[in-house]
Amino acid sequence: DLGPDTFICLQQSIRLMVRDSIATMIHWSDGSTNASYLVRSPGIYQVTVSNPPCVDASDRIEIKQYDCQCDLVIANAFTPNEDGLDDRFFPIIHCDLPYDNFVFRIFNRWGECVFYTSDPMNIGWDGAYKGRQQPISTFVYELIYTDPFTHVSQFKKGNVELIR
């Protein structure tokens, strides 16, 4: 069992292991016969093990490769005046994989949550709360997410200026 399909980051590798201690013959898809196999590039890898006269057993795994550098950009101001430029406030995420456990909240100066979403594809806050456009002010945002590559929970907090 080579495990489930998985991914590696650019310039990383993963070692696949045959854990069958009684296998007398091991054949990887490229003809190598070691109990372990170092993968440095994406592809489908297969291994067949046997212990004659037993029937051969094989498994395959697909390894995908991603650029594991995720860029997260959060502006410090926006202008919700419907001119098509910076009308909504939302983190810009450039990443090959989606974030998990995503929560984005914006609070006014009294601590009221004026915007909330758990959808990383949301179009963002338009500067309104309860149907009313908010005045020029400083708002606090919180962003919580799980990094898709490290699986570590992240917390970002900052201020954004609503400019009219």
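Residues numbered from 1 in each chain as written. Predicted model: local features only at pLDDT ≥ 70, side-chain atom pairs only at ≥ 80, totals over all residues. Heavy atoms only, no water.

Asks: Pulling in residues and values, what's your account of the overall build of the protein?
Replies: Counting its secondary structure elements, the protein contains zero helices and 15 strands. For the protein, the C-alpha radius of gyration of 25 Å lies well beyond 15 Å, the compact-globule estimate for 164 residues. In terms of overall dimensions, the protein has a C-alpha envelope of 80 × 25 × 20 Å along the principal axes. The 164 residues of the protein split such that 33% are buried. A gap of 8 Å separates the mean positions of the 13 positive and 21 negative side-chain charges of the protein. (Helix = DSSP H or I, 4+ residues; strand = E, 2+ residues; numbered from the N terminus. Rg over C-alpha atoms; globule rule 2.2 N^0.38 Å. Buried < 20%, exposed > 50% of the residue type's maximum accessible area, 1.4 Å probe, protein only. Lys, Arg positive; Asp, Glu negative; His and termini not counted. Charge placed at Lys NZ, Arg CZ, Asp CG, Glu CD.)

Asks: Go over the sheet that holds strand 14 (residues 137–146) with me, naming the residues and quoting the values.
Replies: Across a sheet, paired strands are connected by hydrogen bonds in the backbone, their directions being either parallel or antiparallel. Strand order in this open sheet of five strands is 8-15-14-10-11, and the pairing throughout is mixed. Each having just a single partner strand, strand 8 (77–78) and strand 11 (113–117) make up the two edges of the open sheet. Across two bridges, strand 8 lies against strand 15 (residues 153–162) in parallel orientation. Directly across from A77, in strand 15, lies its bridge partner E161. (Pairing = 2+ DSSP bridges.)

Asks: Give a description of the sheet that holds strand 5 (residues 43–50) that names residues and reports values.
Replies: Spatial ordering of the open sheet is given by 1-6-5-3, a layout of four strands whose pairing is mixed. This sheet does not close on itself; its edge strands, each paired only once, are strand 1 (6–9) and strand 3 (25–28). For this sheet, the mean inter-axis angle between neighbouring strands, taken without regard to orientation, is 25°. Summarising the sheet, strand 5 and strand 6 (residues 57–66) pair through seven bridges and their orientation is antiparallel. Bridged to V47 within strand 6 is D59. (Axes fitted to C-alpha atoms, helices over the stretch in contact; angles between N-to-C directions.)

Asks: Run through the layout of surface pockets, naming residues and quoting values.
Replies: Space left empty within the atom packing is revealed by a probe, the size of a water molecule, rolled over the atoms. Taken as a whole, the largest pocket spans an internal volume of roughly 180 Å³. Considered class by class, the residues forming the lining of the largest pocket number ten nonpolar, no polar and no charged. (1 Å grid on protein atoms, 1.4 Å probe; cavity = no way out; pocket = protein on both sides within 12 Å on 5 of 7 lines; lining within 4 Å. Points joined across faces, edges and corners; volume = space filled by probe spheres on them. Nonpolar A, V, L, I, M, F, W, Y, C, P; charged D, E, K, R; others polar.)

Asks: Tell me what's going on with the pattern of salt bridges, and back it up with residues and numbers.
Replies: The full count for this structure, using the stated rule, is one salt bridge. Close ionic contact of R105 with E142 constitutes a salt bridge, the shortest N to O distance being 3.0 Å. Placement of R105 in strand 10 (residues 100–107) and of E142 in strand 14 is noted, with a sequence separation of 37 residues between them. Taking the relative accessible area as the measure of exposure, R105 reaches 25% and is therefore partly exposed. (Salt bridge = Lys/Arg side-chain N within 4 Å of Asp/Glu carboxyl O.)

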